[in-house]
Amino acid sequence: MRQLTIATRESRLAMWQAEHVQALLSGRGHQVTLLGMTTLGDQILDRALSQVGGKGLFVKELEVALEQRRADLAVHSLKDVPMELPEGFSLACVMAREDPRDAFVSNHYANLDALPQGAVVGTSSLRRMALLRALRPDLRIEPLRGNLDTRLRKLDEGLYDAIVLAAAGLKRLGLEARIRAVFEPSVMLPAAGQGALGIEVRTDRLDVVAALAPLAHHTTWLAVAAERAVSRAMGGSCSMPLAAYATLAQDILTIDAAWGDADGQLPVVRVRLTGPVSGLPSAAELGQRVANDLRARVLAQGGTLAHLAASAHQPG
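The following refers to the structure shown. (Residues numbered from 1 in each chain as written. Predicted model: local features only at pLDDT ≥ 70, side-chain atom pairs only at ≥ 80, totals over all residues. Heavy atoms only, no water.)

**Here we look at the pairing of strand E13 (residues 269-276)**
Here E13 shows one buried face, formed by Val269, Val271, Leu273 and Gly275, and one open face, formed by Arg270, Arg272, Thr274 and Pro276. The pairing of strand E12 (residues 252-259) with E13 spans eight bridges and is classified as antiparallel. Counted as the bridge partner of Ile255 is Leu273 from E13. (Buried < 20%, exposed > 50% of the residue type's maximum accessible area, 1.4 Å probe, protein only. Helix = DSSP H or I, 4+ residues; strand = E, 2+ residues; numbered from the N terminus. Pairing = 2+ DSSP bridges.)

**Topic: the environment of Gly235**
Mapped onto the secondary structure, Gly235 falls in the loop between helix H9 (218-233) and strand E11 (242-249). Taking relative accessible area as the criterion, Gly235 reaches 37% and is therefore assigned partly exposed. Along the primary structure Gly235 and Ala291 are separated by 56 residues, whereas in three dimensions their C-alpha atoms are 9.7 Å apart.

**Overview of the environment of Arg69**
Topologically, Arg69 is positioned in the loop between helix H4 (60-67) and strand E3 (73-77). On the basis of relative accessibility, which here comes to 47%, the residue Arg69 falls in the partly exposed class. Expressed as a C-alpha distance, the spacing of Arg69 and Thr5, which sit 64 residues apart in the sequence, is 9.3 Å. If sequence neighbours within four positions are ignored, Arg69 has contacts with Arg202, Asp204 and Arg205. Only 3.4 Å separates the side chain of Arg69 from the side chain of Asp204, close enough to count as a polar contact. (Contact = heavy atoms within 4.5 Å. Polar contact = N/O pair within 3.5 Å; in protein donor to acceptor, adjacent residues only side chain to side chain.)

**Quick look at the pattern of salt bridges**
With the rule as written, the count across this model stands at 23 salt bridges. Here Glu142 ties to Arg140 by a salt bridge, and the two come within 3.2 Å at their closest N and O atoms. Close ionic contact of Arg178 with Asp156 constitutes a salt bridge, the shortest N to O distance being 2.7 Å. Of this pair, Arg178 sits in the loop between helix H7 (167-172) and strand E9 (181-183) while Asp156 sits in helix H6 (residues 148-156), and the two are 22 residues apart along the sequence. (Salt bridge = Lys/Arg side-chain N within 4 Å of Asp/Glu carboxyl O.)

**As for the packing of aromatic side chains**
The full count for this structure, using the stated rule, is one aromatic pair. Their ring planes at 75 degrees and their centres at 6.4 Å tell us that Phe104 and Phe183 sit as a pair that is edge-to-face. Of this pair, Phe104 sits in strand E5 (residues 102-105) while Phe183 sits in strand E9, and the two are 79 residues apart along the sequence. Classification of Phe104 by relative accessible area gives buried; the value is 1%. According to the relative accessible area criterion, Phe183 is buried, its value standing at 7%. (Phe/Tyr/Trp six-rings, centres within 6.5 Å; stacked < 30°, edge-to-face > 60°.)

**Things to note about unusual backbone geometry**
A positive phi angle, close to 65 degrees, is found at Arg69, a residue other than glycine. One non-glycine residue, Gln250, lies in positive phi territory at about 60 degrees.

This is the structure in structure tokens:
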């Protein structure tokens, strides 16, 4: 038996995720407490993340708690974890993935096709914006920030005709009934890591790494390693309209990726590569190849290196 403290954001979904990990570790004989924290990303709700520092705003305070030894591990939605962690920190565990797809949520319309021309759809994800514009250029895509309950409340208040959320969060909180339709990956590719939980630790905490090892899900970890490699190689952050989704069948990994123009001037570019993988390095290498191919195709259709750089660093 050893005492472990989990650092977590205090939103209802984040607490569910932390309590899920707490239960699994407790079941293996550990004594586990939670350290709830409010991050800067939770506090700044009037601007898109791409304008105020990116998804790292959701993890910085938790990393400080790890650094100060007030916590031993931090549980994150993996899609919120920056592609490059600070020196001294690492992902010790990636857990089994929930539904990776995006969900269409509306009180009046059954799916995206049912929306009338000019309908207002809420999302602050540049990836979702780019893919929605490609599917329905007539829609008004409006910013939508806040935790999951806040976003649903804004929909219920009539501020949007529909909103797009990660299906995983709705399912984890027992809100699956709010989902009117899901977007298959062939229609709207998910973000890298969407639906998966990642556990961050100090790299030197080998005792915590060992305690987390039984919670790791090998298939999910290989898939998200490839997805995150695509995003890392593209300079990806929440400021780049980039999607990456991988699936593993036996030892063969298939990666789909899509890049969208934040300004809507260029069409969405898609790439698919398939190859054998034997571990995290080969999965990441395949992701790197996907990024190289994606970049080449963007340039071939009239994009420029400056254009790619701008999409990675400018707010959308």
